[in-house]
Amino acid sequence: MTRYIVLGNQSLLINIDKWFQVRDIYFPHVGQENHLLGHAQRMGIYTDGRLSWINEEGWERKPAYKQDTLVSENRAVNRELGIKLLLEENVCYQDNIFLRKITVQNLQDRPREIRLFFNQDFHLYGDGIGDTAVYHMDHNVIVHYKRARYFLIGILKSNRKEEITSDIDDYAIGYAEERGFKGTFVDAEDGVLSKNPVAQGSVDSTVGISLQLQSNGIEVIYYYLTAGIDFKDVYELNDIVMEEGPESLLKYTEEHERSWVNHQSVDLSGLTPKIVDLYKRSLLIIKTQTDAGGGILAANDSDNIQFNHDTYSYVWPRDGALTSIAMINAGFPEFTKPFFRFCKNVLWWAGCLLHKYNPDGTLGSSWHPWVEDGEPSLPIQEDETALVIHALLKYYEATGDIEFVKEVYDPLVKEAVFFMDNYKYPNEIPVESYDLWEERRGIFTFTASAVYRGLLSGEKLGHLVRDEKVSDICKTRYSKLKQAILKELYDSERGVFFRGISYSNHDIKKKNVDRTVDSSVYGIFEFNLLPADEPRVVRTMKNLEEKLWVPENGGLARYQNDYYHRKKDRVSSNPWLICTLWLAKWYIAKAKETRDLEKALELINWVADCSLETGIMPEQVDSLTGESLSVAPLTWSHAEFVDTIIRYQEKKTQL
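Predicted model, so just to flag it, every value in this text is computed and none were measured.

What counts as what
- Residues numbered from 1 in each chain as written.
- Predicted model: local features only at pLDDT ≥ 70, side-chain atom pairs only at ≥ 80, totals over all residues.
- Heavy atoms only, no water.
- Phe/Tyr/Trp six-rings, centres within 6.5 Å; stacked < 30°, edge-to-face > 60°.
- Helix = DSSP H or I, 4+ residues; strand = E, 2+ residues; numbered from the N terminus.
- Buried < 20%, exposed > 50% of the residue type's maximum accessible area, 1.4 Å probe, protein only.
- Disulfide = S-S within 2.5 Å.
- 1 Å grid on protein atoms, 1.4 Å probe; cavity = no way out; pocket = protein on both sides within 12 Å on 5 of 7 lines; lining within 4 Å.
- Points joined across faces, edges and corners; volume = space filled by probe spheres on them.
- Nonpolar A, V, L, I, M, F, W, Y, C, P; charged D, E, K, R; others polar.
- Expected span 1.5 Å × (residues − 1).
- Core = buried A, V, L, I, M, F, W, Y, C linked by side-chain atoms within 4.5 Å.
- Contact = heavy atoms within 4.5 Å.
- Pairing = 2+ DSSP bridges.
- Axes fitted to C-alpha atoms, helices over the stretch in contact; angles between N-to-C directions.

*Asks:* Looking at this model, I keep getting lost on the packing of aromatic side chains. Mind explaining?
*Replies:* How two aromatic rings sit relative to each other is given by the distance of their centres and the angle of their planes. Throughout the structure, instances matching the rule amount to 35 aromatic pairs. The interplanar angle of 45° and the centroid separation of 6.2 Å between the aromatic rings of Tyr 93 and Tyr 252 together place this pair among those described as tilted. Here Tyr 93 is found in the loop between strand E9 (83-91) and strand E10 (97-106), whereas its partner Tyr 252 is found in helix H2 (residues 246-261), with 159 residues between them in sequence. In this structure Tyr 93 comes out as partly exposed when scored by relative accessible area, which is 34%. Owing to a relative accessible area of 41%, Tyr 252 belongs among the partly exposed residues under this scheme. Grouped by ring-pair contacts, the aromatic residues Trp 437, Phe 446, Tyr 522, Phe 525, Phe 527, Tyr 564, Trp 576, Trp 582 and Trp 636 constitute a single cluster.

*Asks:* How should the state of the cysteines be read in this particular structure?
*Replies:* As used here, a disulfide is simply a covalent bond connecting the sulfur atoms of two cysteines. All chains considered together, the criterion is met by 0 disulfides. The structure places no disulfide on Cys 474, whose sulfur is separated from the nearest cysteine sulfur, that of Cys 352, by 16 Å. Counting only cysteine sulfurs, Cys 610 is the nearest neighbor of Cys 579, a cysteine outside any disulfide, at a range of 12 Å.

*Asks:* Would you explain empty space enclosed by the protein in this entry?
*Replies:* Sizing a probe to match a water molecule and rolling it over the atoms shows the empty space that remains. Under the counting rule described, the total for this entry stands at 4 cavities of 30 Å³ or more. Quantified by volume, the largest cavity comes out at close to 70 Å³. Forming the walls of the largest cavity are Val 22, Ile 25, Gln 41, Arg 42, Phe 98, Arg 100, Phe 118, Asn 119, Gln 120, Tyr 223 and Leu 225. For the lining of the largest cavity, the elements supplying multiple residues, two or more each, are strand E3 (22-29), E10, strand E11 (112-120) and strand E18 (218-228). Among the elements that make up the lining of the largest cavity, the one with the highest residue count is E11 (3 residues). Taken as a whole, the second largest cavity spans an internal volume of roughly 60 Å³. Lining the second largest cavity are 13 residues, with Phe 497, Val 517, Asp 518, Asn 543 and Leu 544 sitting closest to its centre. For the lining of the second largest cavity, the elements supplying multiple residues, two or more each, are strand E24 (496-497) and helix H11 (535-548). Among the elements that line the lining of the second largest cavity, the one with the most residues is H11, at 3 residues. Residue composition of the lining of the second largest cavity, grouped by class: 6 nonpolar, 3 polar and 4 charged.

*Asks:* Help me understand helix H9 (residues 468-488), please; the structure alone is not making it clear to me.
*Replies:* Residues spaced three or four apart along an α-helix point in a common direction, a consequence of the helix completing one turn every 3.6 residues. End to end, H9 covers 30 Å across 21 residues, agreeing with the expected 30 Å (1.5 Å per residue, within 8%). Taken together, the buried positions of H9 are occupied by Val 470, Ser 471, Ile 473, Cys 474, Arg 477, Tyr 478, Leu 481, Ala 484, Ile 485, Leu 486 and Glu 488.

*Asks:* Can you walk me through the nonpolar core in this structure?
*Replies:* Nonpolar side chains tend to gather and get buried jointly when the protein is soluble and globular. Counting 190 residues, the largest nonpolar core has Leu 85, Ile 102, Leu 116, Tyr 279 and Phe 641 as the members making the most contacts within it. Once residues within four sequence positions are removed from consideration, Tyr 279 is found in contact with Gln 264, Val 266, Leu 268, Ala 330, Phe 641, Val 642, Ile 645 and Ile 646. Grouped together as the second largest cluster of nonpolar side chains are 18 residues, Val 134, Tyr 150, Leu 152 and Leu 249 included.

*Asks:* Explanation requested: the sheet that holds strand E1 (residues 5-8) in the structure shown.
*Replies:* For sheets, the rule is that strands pair by backbone hydrogen bonds, running either parallel or antiparallel. A sheet is described by the order of its strands in space; here 4 strands give the open sequence E1-E2-E3-E4, paired in antiparallel fashion. Looking along the sheet, the strands with just one partner apiece sit at the ends: E1 and strand E4 (32-34). Direction aside, the axes of adjacent strands within the sheet are offset by 20° on average. Bridge count between E1 and strand E2 (residues 13-16): 4 bridges; the pairing is antiparallel.

*Asks:* For this particular structure, what's the right way to read the layout of surface pockets?
*Replies:* If you add up the space inside the largest pocket, you get close to 530 Å³. For the largest pocket, the lining is made up of 27 residues, of which Lys 394, Glu 526, Asp 643, Arg 647 and Glu 650 are closest to its centre. Contributions of two or more residues to the lining of the largest pocket are made by helix H4 (317-329), helix H6 (382-399), helix H8 (445-464), helix H10 (523-526), helix H12 (577-590) and helix H14 (635-654). Grouping the amino acids of the lining of the largest pocket by side-chain chemistry returns 11 nonpolar, 5 polar and 11 charged.

Have a look at this one:
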């Protein structure tokens, strides 16, 4: 349930699994319209009368990225077959072209014919109904299409412009997943394809290329895919491949990515090479998970089918806001502007952001009801609205871009402030909404602290545009809200903050408390309600560490008795990377001298050790084995890692 390699240009996203199979193709939005739905795009080698697909046993595989880029360096060797492969893959920076440079090495001391086969199992628009695949002889390519989604596949044997022409030697198009047909990949088992030129319905295709390798010889081929909305689109991109050459396209994109990621302004001196690499890798991964239209996607690993056959491929405003803050602090504030425009455009008429959205701005699926106890109820997490305003102020502080603030102020900031000010009880506490884990409705320390931070930011933004009415509303409200939080959400008996409370029948005199130890109460110091070294915060955070630390493998769990992705035979809940990094942030924030940062660095290294060998970070890991669980990559994990490293370096410099 993980993706080891992710490649993308904010329009075309390609995910590759640990067997080096393409498993997800998203287009034209990151996270929307998965045209594979996790069906593997197979790659096989035929030699000496035998076919071996690269996902089969017998192959030794080592996935990797080139340093400071998204170019893969995936290596595979099959000693029994005597074949070694190097796959260098990327999605072009400017164009929707996926390129695979494949170096094939003959490990035997004799000349041999090697045939490579590539299977395409598209499910266009995510359903695979009514697809067409067709072979075009004039260009020697295959095109899969339906309605406004077209994918062209070709293979090249040469990078020399005067010799470039599509070199598909063999092909087959046929039916898959119906009437007993498995797919055309079965046709490759004897090394020869049927050359059937067209099929419609539930279809797949396989293309082949033949190479003559000398004794211990090496040959290079290029597999490519272009994505567009009609034949014209994919053929114009095909022309670019032919005119520019695949090596030029790969090199240009690699140079752009290396230049972009090294443009960040954070001093990384003193960190280990592993941490520095993970920091830069996280920046690149975040970029691949962000749509050109502004949506910052939570995760795009289609193997993880969440509640009721659903995925993580949505824009949660909270995740997007916290990711934006990390990117702003890392020196990429311009990167976040489309996200704020996205939020401006999707804001609910009442002035709040709803549960989650599709990357095209339409409302996402939700399990939150619009009725509670027989009364109308907004299905929101109020922290999502507040944190977007908080992130916008961070953008202004980094850029001084008052014109952009003015652009989004009336439709976003002003409306959100009015909502946050009205959505409250007479004692200033926010009305119930769902917690950041999306599991329960109530009044939570994290949410209330986020609203406090949102109002604090709203005051400053209002002052910037000379909207003193909004500024005054925020100033009056957040002062009262702070006192209400310290009174209502603090457990004076235990000396720590509650996870949350609720009021029976909306009567503030009938308070129910939720004493579950929950890592999200870190919001008390994170959103500046109280300093990190304030005694109530210290007791609260120490209580988290004591009760939620996973003894078997380390790391901090979300909350007590969390069963999400927890295996039945496990005693402890699974540790989450973001929760562990929140604890690290607390140690950083309260550090008074350099040695106080040692614990934070231990936690950072624990998170680094939980990452896949390619630097991909999951949501959580198994409490006993440390195995990645749920989705990978999780954008939030990478964002928290970036932000924690920045704070660590800044504090180290101060001390």
